[in-house]
Amino acid sequence: MTNKPVRVRFAPSPTGKLHIGGARTAIYNWAFARATGGTFVLRIEDTDPERSTEENTQIILRALRWLGLDWDEGPEVGGSAGPYFQMQRMDTYAAALERLRERGAAYACFCTKDELDAKRAKAEAEQGGYAGYDGTCRDLPADEVEARIAAGEPHVWRLRVPKDHGPIEFDDAVYGHMAFPAEVMDDMILVRTDGSPTYNFAVVCDDANMGITHVIRGDDHLSNTPRQILIYEALGYDVPTFAHLSMILGADGKKLSKRHGATNVEEYRDRGYLPDALVNFLALLGWSLDGETTIIDRATLCREFSLDRITKKDAVFDETKLDWMNGVYIREMDVDAWTASARPWLAAARADGEGVPAGVTVAPTPAKDELAAAARETHVPGEGVSPEVWEAALAATDEAPEIARGAYPLVIERLSRLNEIPAKLAFLFWGPNVMLDEKSLNKVLRKEGARADEALAACRAVLADEDNAWDAESLQEKCRARGEELEIKPKNLFQPLRVAVCGNMVSPPLFESIVLMDRADVLARIDGVADAAFGE
Ligand code: GLU
């Protein structure tokens with residue numbers, strides 16, 4: 001352990017999007033930096049030219065920003081240990097190789113791929129396994145090496161692992177004391193024929209040059225650690241503290257993967273999760289505050305996070321728990337936060353609602369499991385409508401903040417994800433038209449017949465009276481009073497109205513919804529539905 005100020009890094013390879021596991025690693029590094037008053041560095045490991053893309057880098061940065069994980073040094077913010085893209089650090093790897101050569105700790109190897117493949121095949125056939133590079137070039141005379149390099153012979157650079165090293169030991173902050181026999185470490189390649197550094201070499205150079213004190217990363221890198229320690233030692237640099245994080249498993253106990261559904265961070269955004277909720281949830285996949293607290297806000301996380309409360313047990317990604325937690329965070333939003341977060345979803349509700357066909361359309365009632373499955377799908381707001389419609393929906397949403405604010409009390413208690421907003425609120429934007437749920441039509445209107453017809457007419461009269469203020473409480477009271485006169489029970493009075501105006505039996509609070517709409521539209525809906533239900 002060192003007493004130096006903490007410097008940690010998140011070092012994604014831009015070979016894909018930001019995966020949930022990567023996001024958790026980023027959160028732990030960030031929270032540890034914040035809790036210790038340290039520095040959180042972001043470094044992009046883009047040395048794989050085939051698989052790294054600028055687009056992925058941008059997606060990763062955007063996802064980190066969305067999660068609210070601000071980095072102190074790295075792309076876009078700079079810093080004194082930069083550059084923060086490995087491809088821009090090639091001179092530092094060359095300098096490190098030079099240092100190793102001077103220390104006699106690296107040597108040129110001229111063995112060709114064919115030669116090595118043949119040795120491997122032979123070892124596998126005759127000895128039941130390949131023990132690694134056999135050291136053919138380890139002790140070539142210096143003048144021969146110089147001459148072959150000068151002649152342009154292709155070569156790699158390998159680490160000269162000390163023969164008498166003894167076990168490679170370290171105290172992992174999560175896994176505890178670890179020991180690996182050095183004999184099984186062959187003289188690994190540091191620099192390839194084309195001059196590019198290998199992953200292990202580049203990572204050690206960067207972590208050392210950037211003054212990283214703690215390496216917090218996935219345990220898929222645990223087996224790289226002894227090799228990296230050998231490189232630190234060869235360079236004569238301090239070895240940082242390692243903390244390896246256990247795997248994240250799906251509910252079926254298998255490693256979290258595409259099979260389990262969404263795996264990258266922006267898919268979660270597009271399914272209506274709040275960044276605060278996702279950060280809280282991911283923080284608890286392998287770490288705990290006290291073993292029981294589940295709602296831990298950012299401030300607490302940034303104050304209390306510690307490596308000694310990370311568990312090495314595999315963490316299980318429980319989507320039901322995430323939904324629950326997201327609902328908690330949604331309910332905690334005040335109306336301003338809601339208006340900001342719900343904006344694209346309200347615009348999607350508007351685009352959906354304005355897109356319904358003219359008049360009354362009877363829509364088949366979806367099965368429960370169909371609804372549940374649809375709710376889990378990624379729904380990128382704006383996808384599926386033309387850019388013009390989408391721009392107009394966003395603009396109209398911004399121009400009508402009273403609808404966002406009015407919708408807040410209607411649904412805030414009833415959401416576990418923001419992507420439920422379009423289905424729940426599209427009816428606000430139907431104008432005079434209605435998507436009429438078939439089951440509700442039959443049960444509440446057709447089966448009830450004249451009684452429902454009479455109830456609708458009674459409410460319609462109240463809603464049509466221009467002397468009645470367009471106010472939820474008083475309209476409801478007037479309808480109720482009118483129902484009493486006609487001896488219609490409240491349930492028999494309001495359900496037909498609900499189906500006529502909102503299209504089904506399960507809409508948000510009725511009168512609070514009605515007043516968010518236009519009086520003429522509401523009346524047109526009632527007329528259209530009465531006609532569809534009771535007309536010839
Ligand atoms: N770039 C590596 C990865 O994305 C991380 C390396 C490290 O954390 O040491 O897996």
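We now turn to the structure provided with this report.

So, how was this worked out
Residues numbered from 1 in each chain as written. Predicted model: local features only at pLDDT ≥ 70, side-chain atom pairs only at ≥ 80, totals over all residues. Heavy atoms only, no water. Buried < 20%, exposed > 50% of the residue type's maximum accessible area, 1.4 Å probe, protein only. Helix = DSSP H or I, 4+ residues; strand = E, 2+ residues; numbered from the N terminus. Near = heavy atom within 4 Å. Polar contact = N/O pair within 3.5 Å; in protein donor to acceptor, adjacent residues only side chain to side chain. Areas by Shrake-Rupley, 256 points an atom, 1.4 Å probe, with all protein chains shown as cover. Phe/Tyr/Trp six-rings, centres within 6.5 Å; stacked < 30°, edge-to-face > 60°. Lys NZ or Arg CZ within 6 Å of the ring centre and 35° of its normal. Pairing = 2+ DSSP bridges. Axes fitted to C-alpha atoms, helices over the stretch in contact; angles between N-to-C directions. Contact = heavy atoms within 4.5 Å.

**Some details on the pairing of strand S9 (residues 241-245)**
Most of S9 sits inside the fold, with five of its five residues counted as buried. Along S9, one buried face is formed by Thr-241, Ala-243 and Leu-245 and the opposite face, lined by Phe-242 and His-244, is buried too.

**With respect to the site of the ligand**
Residues in close proximity to the ligand include Arg-9, Ala-11, Ser-13, Glu-45, Tyr-199, Arg-217 and His-221, which together make up its full environment. At a separation of 2.9 Å, an oxygen atom of the ligand approaches a polar side-chain atom of Tyr-199. Notes on the ligand: free accessible area 300 Å², of which the protein chains cover 80%.

**Here's the deal with the environment of Asp-467**
Among the secondary structure elements, Asp-467 is positioned in the loop between helix H18 (450-464) and helix H19 (472-485). Judged by relative accessible area, which is 71%, Asp-467 ranks as exposed. When the C-alpha atoms of Asp-467 and Ser-257 are compared, they prove to be 60 Å apart, with 210 residues separating the residues in sequence.

**Some thoughts on the packing of aromatic side chains**
As enumerated under the stated definition, the model contains ten aromatic pairs in all. Ring geometry for Tyr-28 against Phe-305: centres 5.0 Å apart, planes inclined by 55°, an arrangement best described as tilted. Note that Tyr-28 is positioned in helix H1 (residues 20-36) and Phe-305 in the loop between helix H10 (298-304) and strand S11 (315-316), a separation of 277 residues in sequence. Residue Tyr-28 is classed as buried on the basis of its relative accessible area of 0%. Lying over the aromatic face of Tyr-28, Arg-24 brings its terminal NZ or CZ to 5.8 Å of the ring centre.

**Regarding the sheet that holds strand S4 (residues 156-159)**
What the three strands build is an open sheet, ordered S3-S4-S7; its pairing is antiparallel. Bordering the open sheet on either side are strand S3 (106-109) and strand S7 (189-191), each of which pairs with just one other strand. Across the sheet, the axes of successive neighbouring strands diverge by a mean angle of 45°, strand direction being ignored. Pairing between S3 and S4: four bridges, direction antiparallel. Among the inter-strand pairings, Cys-109 is bridged to a residue of S4, identified as Val-156. Of the strands in this sheet, S3, S4 and S7 are in contact with helix H3 (residues 90-102), which crosses S3 at around 100°.

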